[in-house]
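Fold and contact review
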Amino acid sequence: MEAPDQQPTQPGSGKRKGKAQYVPAKRARRCDAGGPRQLEPGLQGILITCNMNERKCVEEAYSLLNEYGDDMYGPEKFTDKDQQTSGSEGEDDDVEAALKKEVGDIKASTEMRLRRFQSVESGANNVVFIRTLGIEPEKLVHHILQDMYKTKKKKTRVILRMLPISGTCKAFLEDMKKYAETFLEPWFKAPNKGTFQIVYKSRNNSHMNREEVIKELAGIVGSLNSENKVDLTNPQYTVVVEIIKAVCCLSVVKDYTLFRKYNLQEVVKSAKDPSQLNPKQGNGKETKLESGDTLNQNNPAEGKNNQQVVPEISEELGQIKPTSEMQVVNEGGAKPEIASQVTEGSKSKENDLS
């Protein structure tokens, strides 16, 4: 009777302990299997903004990054290794094979965090952060934008901006100073030098001041080399500062103005619209007005028709000067006829009176 009395107490106590221990263990396994799930200090990756559809943004980002990542670094090879280990080692015994299969599955789950691109919760709406491993995000994103700038092919619908993030730290001024002193050395420390600008953006953060951050970072760049100068029109380097909650993302980017602030939608339009719209608006209107002038000059007998048509065109275009020019032309062609008619009429009246 004592044994059944002890059995219900053990499962009851086990359930209570299991509830307290089970939840943190489950969270820990998720973090260990797929790496960090949230944006945190010590990561490298790509910050992407989108239009109200983060799932489609992640899909487009994966396809675009894998396409250009395979071109620059070659395809990933971690899947072949898992298949070779699971197939070669699981042939001795049934128990050993089962254990080795489990070990292989665990290794496969742990190697998932070693993939090149893995989406991470950014902590802000319409913002996606994709963690990278074994890849320089600055070179990859610059290569993507350069190709799209040359080919003018639109490859994304939801993605707006794609900013490489070379390093992250805590979003506090002292931590940012310490991190920036070593982070900015490859670009601005002597003998390296160049013109620069600082771009600042904060999301879901209220304790950081924009002016203080820009002044401190500009002072650090100047202390690394006195020849570094600020250029807000066409700088050689752009220091990108993106703050989300308590994490600061930093990167140094080239061709920031040329690639339209690293906007994938605007890079495709940048070279097309100015060259196509201006000739149509300028030359088209000028040719219409010039053709009207030549008609008036070559056909003075049609002065009455031209007087009625050309002012209507000029009013639609909202131009007043062409009407005055047309009046000058008509004065040379039509008014002498009117003057001759008036003189003839006056002479006939004089003859009748006489």
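Residues numbered from 1 in each chain as written. Predicted model: local features only at pLDDT ≥ 70, side-chain atom pairs only at ≥ 80, totals over all residues. Heavy atoms only, no water.

- An unreviewed UniProt entry lists the protein chain under the name THUMP domain-containing protein 1, with Propithecus coquereli given as the organism.
- Within the UniProt record for the protein chain, the comment given under Function (unreviewed entry) is "Functions as a tRNA-binding adapter to mediate NAT10-dependent tRNA acetylation modifying cytidine to N4-acetylcytidine (ac4C)." (UniProt positions renumbered as here; feature names shortened; annotations may be inferred.)

**A short note on the environment of Asn209**
- Along the chain, the position of Asn209 falls in the loop between β6 (195-203) and α8 (210-224).
- You can call Asn209 partly exposed: its relative accessible area is 36%.
- Considering only alpha carbons, one finds Asn209 and Leu173, 36 residues apart in sequence, at a separation of 9.1 Å. (Helix = DSSP H or I, 4+ residues; strand = E, 2+ residues; numbered from the N terminus. Buried < 20%, exposed > 50% of the residue type's maximum accessible area, 1.4 Å probe, protein only.)

**Some details on the packing of aromatic side chains**
- Evaluation of the coordinates by the stated rule reveals 7 aromatic pairs.
- Their ring planes at 20° and their centres at 5.6 Å tell us that Tyr179 and Phe183 sit as a pair that is stacked. One end of the pair, Tyr179, and the other, Phe183, are both in helix α6 (residues 173-183), 4 residues apart, so they sit about a helical turn from each other.
- In this structure Phe183 comes out as buried when scored by relative accessible area, which is 10%. (Phe/Tyr/Trp six-rings, centres within 6.5 Å; stacked < 30°, edge-to-face > 60°.)

**Points about the pattern of salt bridges**
- If you walk through the whole model with that rule in mind, you get 6 salt bridges.
- With a shortest N-O distance of 2.9 Å, Glu227 and Lys193 are connected by a salt bridge. Of the two residues, Glu227 sits in the loop between α8 and β7 (229-230) while Lys193 sits in the loop between α7 (185-188) and β6, which places them 34 residues apart along the sequence.
- Given the relative accessible area of 44%, Glu227 is considered partly exposed.
- Accessibility expressed as a relative area gives 47% for Lys193, which makes it partly exposed. (Salt bridge = Lys/Arg side-chain N within 4 Å of Asp/Glu carboxyl O.)

**With respect to the packing of α6 against α8**
- Here α6 crosses α8 at 25°, and the two axes come no closer than 10 Å. Our classification of the angle between α6 and α8 gives roughly parallel. The two elements α6 and α8 cross, and the hand of that crossing is right-handed. Where α6 abuts α8, its residues Leu173, Met176, Lys177, Ala180 and Glu181 lie against Glu212, Val213, Glu216, Leu217, Ile220 and Leu224.
- Here the contact of α6 with α8 is composed, by residue class, of 7 nonpolar, no polar and 4 charged. (Axes fitted to C-alpha atoms, helices over the stretch in contact; angles between N-to-C directions. Parallel < 35°, antiparallel > 145°, perpendicular 65-115°, else oblique. Left-handed = near helix turned anticlockwise from the far one by under 90°. Contact = heavy atoms within 4.5 Å. Nonpolar A, V, L, I, M, F, W, Y, C, P; charged D, E, K, R; others polar.)

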